[in-house]
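Breakdown of the fold
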Amino acid sequence: MVDKMIRNTKIEITLIIIFIIISIPLWIYFKQELNSQLALAIEGETKLDLFLNNIDGFDNVIVNNAYQVNKKYRILLVTDKNCDNSSITINTIKYQLDNFEKRKVDDNYIYVLTTKTIKGTRDGYKIDINLQNKNVNYYYKLEELTDF
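These lines cover the structure that appears in this document, whether it is placed above or below. Treat the numbers as computed from the prediction; the structure is a model and nothing was measured.

Bringing the overall build of the protein chain into the picture now. Broken down by element type, the protein chain carries 1 helix and 9 strands. When the helices and strands of the protein chain are read in sequence order from the N terminus, they spell out α-β-β-β-β-β-β-β-β-β. For 148 residues, the compact-globule estimate of 2.2 N^0.38 gives 15 Å, and the C-alpha radius of gyration of the protein chain, at 28 Å, exceeds that figure by more than 25%. Along the first, second and third principal axes, the C-alpha set of the protein chain runs to 100 × 30 × 20 Å. In the protein chain, which comprises 148 residues, the proportion classed as buried is 27%. If you take every contact in the protein chain between residues at least 6 apart in sequence, the share linking residues at least 24 apart comes to 70%. When the accessible surface of the protein chain is totalled, it reaches about 10,500 Å², and 56% of it is carbon and sulfur. Looking at charge distribution, the protein chain has the averaged site of its 19 positive side-chain charges lying 4 Å from that of its 19 negative ones.

Structure representation (structure tokens):
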């Protein structure tokens, strides 16, 4: 009788040890998955806002970060034609568009106007585009950069 109880106790202890050994990698996986999901949720809840308006003949582009979290962003100028020969004035400083980083995606040209980091504040840009070709359609786009 005592031998049977000792044997059952040994079996129970062995099963518990096997369960613990098997569950350790599972808990590590769950922790990593939870951390990545949490990072994505925080990223989704703390998005930057882009406000656009046209007052006094200028395009006013405002990037708002209402959270005390460092966010890195880019402001992009997307045009339907190549505007390398045109100039742009940003906050009273004049630039040539061919000096900005440019890439072509589909039928659009994308110019990177600025790349900055913002935390708990707003960044405003007063932009005046002096296009050589007046038949160019353009818009501004905010691109959040993430470092994972």
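The residue Asn60 is located in strand β2 (residues 58-64) in this model. Judged by relative accessible area, which is 15%, Asn60 ranks as buried. Setting aside residues no more than four positions away along its own chain, Asn60 makes contact with Phe51, Leu52, Asn53, Ile55, Tyr125 and Lys126.

Before going further, it helps to spend a moment on the nonpolar core. Tyr73, Leu77, Ile88, Leu97, Leu113 and Ile127 are the most contacted members of the largest nonpolar core, which totals 22 residues. When contributions to this core are tallied by element, the ones reaching two or more residues are β2, β3 (71-79), β4 (87-90), β7 (108-118), β8 (122-130) and β9 (138-145). With 4 residues, β7 is the single largest residue contributor to this core. In this view, Leu113 contacts Ile75, Leu77, Ile88, Ile90, Leu97, Phe100, Ile127 and Tyr140; residues no more than four positions away in its chain are not counted.

Reading guide: rules and limits
Residues numbered from 1 in each chain as written. Predicted model: local features only at pLDDT ≥ 70, side-chain atom pairs only at ≥ 80, totals over all residues. Heavy atoms only, no water. Helix = DSSP H or I, 4+ residues; strand = E, 2+ residues; numbered from the N terminus. Rg over C-alpha atoms; globule rule 2.2 N^0.38 Å. Buried < 20%, exposed > 50% of the residue type's maximum accessible area, 1.4 Å probe, protein only. Contact = heavy atoms within 4.5 Å. Areas by Shrake-Rupley, 256 points an atom, 1.4 Å probe, with all protein chains shown as cover. Lys, Arg positive; Asp, Glu negative; His and termini not counted. Charge placed at Lys NZ, Arg CZ, Asp CG, Glu CD. Core = buried A, V, L, I, M, F, W, Y, C linked by side-chain atoms within 4.5 Å.

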